[in-house]
Amino acid sequence: GESVGLHLPTLSVQEGDNSIINCAYSNSASDYFIWYKQESGKGPQFIIDIRSNMDKRQGQRVTVLLNKTVKHLSLQIAATQPGDSAVYFCAENIRGSTLGRLYFGRGTQLTVWP
Amino acid sequence: EAGVAQSPRYKIIEKRQSVAFWCNPISGHATLYWYQQILGQGPKLLIQFQNNGVVDDSQLPKDRFSAERLKGVDSTLKIQPAKLEDSAVYLCASGRGQEEQYFGPGTRLTVT
């Protein structure tokens, strides 16, 4: 079954503020994580990924942090914009499962207010 | 680079009818996935193909769902007969392996 979940189902932030979206996982064999953004009526869009041998990875305006000790993943979005409003999912690949198979969490709805 | 294409975008059927969805993955992607996404939930994998072979269909309700990927390119997912609980968005994704998966826009199925 799914082992990835999210602490908060919704998050509202003011435009320009930083956003932090959290994700908890329970399987210590998880070795690859991806954050996806899904806008209404569209398929999930890749944001950033991280492997279990790393604890931080940065992209453009986004940073993913991985804490394997407490099995926690977070996505930080800097200077959040209205276009960032979407549902954000974390997904994991579990070592030993089918190569490429991803398990998705429930998602967090991010709303950015102008 | 063209993305993953899916059709139709929307489909409304009555329960016990059959329905089929089509997916054209990104050129060169050997791996193709079908997901079911129920409203308010994350996508759940139904079946995974590597070229034209099935590598994981453990979550596919095989009594009513079937999928094929002839020639290792396009794929179709069929539901026969449909139930009310099959109402969901069906997403197709493609990739090269244990890397990011690229998703199509999905087909929204409503079973009445």
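Counting restarts for each chain: residues are numbered from 1 in the order of the written sequence. For naming, the first written chain is A and the first written ligand is 1, with later ones following in the order written. For a predicted model such as this one, the threshold for reporting local features is a pLDDT of at least 70, and the threshold for listing and counting side-chain atom pairs is 80 or more; totals across whole chains, interfaces and linings nevertheless cover every residue. Side-chain measures were taken over the full set of non-hydrogen atoms in the model, leaving aside hydrogen atoms and water.

Participant: When you look at the overall build of chain B in this model, what are you seeing that I'm missing?
Facilitator: Secondary structure summary: chain B contains 0 helices and 11 strands in total. To qualify as a helix, a DSSP run of H or I must reach at least 4 residues; to qualify as a strand, a run of E must reach at least 2; elements of each kind are numbered from the N terminus. For chain B, the succession of helices and strands along the chain, N to C, is β-β-β-β-β-β-β-β-β-β-β. As defined in this context, the radius of gyration uses C-alpha atoms, and a globule is described by 2.2 Å times the residue total to the power 0.38. Taken over the C-alpha trace, chain B has a radius of gyration of 13 Å; the compact-globule value for 112 residues is 13 Å, and the two agree within 12%. Across its three principal axes, chain B shows a C-alpha extent of roughly 35 × 25 × 25 Å. Contacts spanning at least 24 positions in sequence make up 52% of the contacts within chain B whose residues lie at least 6 apart. In the structure as shown, chain B presents an accessible area of about 5500 Å², 49% of it carried by carbon and sulfur atoms. When charges are counted, Lys and Arg are positive and Asp and Glu negative, with His and the chain ends excluded. Working definition for charges: the position is that of NZ of Lys, CZ of Arg, CG of Asp or CD of Glu. Positive and negative side-chain charges of chain B, numbering 13 and 11 respectively, have mean locations separated by a distance of 6 Å. Contact criterion: two residues are considered in contact whenever any of their non-hydrogen atoms come within 4.5 Å of each other. Accessible surface area values rest on a Shrake-Rupley calculation with a 1.4 Å probe, where residue burial reflects the displayed protein chains alone.

Participant: Can you walk me through the environment of A:Pro114 in this structure?
Facilitator: Residue and element names in this part refer to chain A. Tracing the chain through its elements places Pro114 in the segment after β11 (108-113). Each residue gets one of three labels from its accessible area relative to the maximum for its type: buried under 20%, exposed over 50%, partly exposed in between, using a 1.4 Å probe on protein chains only. Owing to a relative accessible area of 74%, Pro114 belongs among the exposed residues under this scheme. Residues Pro114 and Gln81, spaced 33 residues apart in sequence, show a C-alpha to C-alpha distance of 8.2 Å. For Pro114, the contacting residues outside a window of four places in its chain are Gln14 and Glu15.

Participant: Can you walk me through the pairing of strand β5 (residues 44-50) of chain B in this structure?
Facilitator: In regular strands, side chains alternate between the two faces of the sheet. Residue and element names in this part refer to chain B. Most of β5 sits out of view: 5 of its 7 residues are buried. When DSSP finds two or more bridges between two strands, those strands count as paired. Counted along the chain from strand β4 (residues 31-37) to the antiparallel partner β5, the turn is 6 residues long, and its residue Gly40 has a positive phi close to 85°. Bridge count between β5 and strand β6 (residues 53-56): 3 bridges; the pairing is antiparallel. Residue pairing in the sheet places Gln48 in a bridge with Asp56 of β6.

Participant: What's the story with the nonpolar core in this structure? I'm lost.
Facilitator: Side chains of a nonpolar character, in soluble globular proteins, are inclined to be buried together. Among the nonpolar cores identified, the biggest contains 21 residues, and B:Phe21, B:Trp34, B:Leu77, B:Ile79, B:Tyr90 and B:Leu109 are the most heavily contacted of them. The set of elements that each furnish at least two residues to this core consists of β3 (19-24), β4, β5, β8 (75-79), β9 (88-95) and β11 (107-111) of chain B. Those residues in contact with B:Phe21 that lie beyond four places of it in its chain are B:Ser7, B:Pro8, B:Trp34, B:Ser75, B:Thr76, B:Leu77, B:Ile79, B:Tyr90, B:Thr107 and B:Leu109. Ranked by size, the runner-up nonpolar core spans 20 residues in total, among them A:Val64, A:Leu73, A:Leu110 and A:Val112. Only buried residues count toward a nonpolar core, which is a set of Ala, Val, Leu, Ile, Met, Phe, Trp, Tyr and Cys residues joined through side-chain atoms within 4.5 Å.

Participant: Sorry, what's going on with the side chain of A:Asp84 here?
Facilitator: Residue and element names in this part refer to chain A. Within the secondary structure layout, Asp84 lies in the loop between β8 (72-77) and β9 (86-94). Note on Asp84: relative accessible area 7%, which makes it buried. N or O atoms within 3.5 Å of each other form a polar contact, as long as, within protein, one can give a hydrogen and the other can take it, and as long as residues adjacent in sequence are counted only when both atoms are side-chain atoms. Within the structure, the side chain of Asp84 is placed 2.8 Å from the backbone nitrogen of Gln81, a separation counted as a polar contact. Asp84 has contacts with Lys37, Arg61, Ile77, Ala79, Leu110 and Val112, leaving out every residue within four places of it along the chain.

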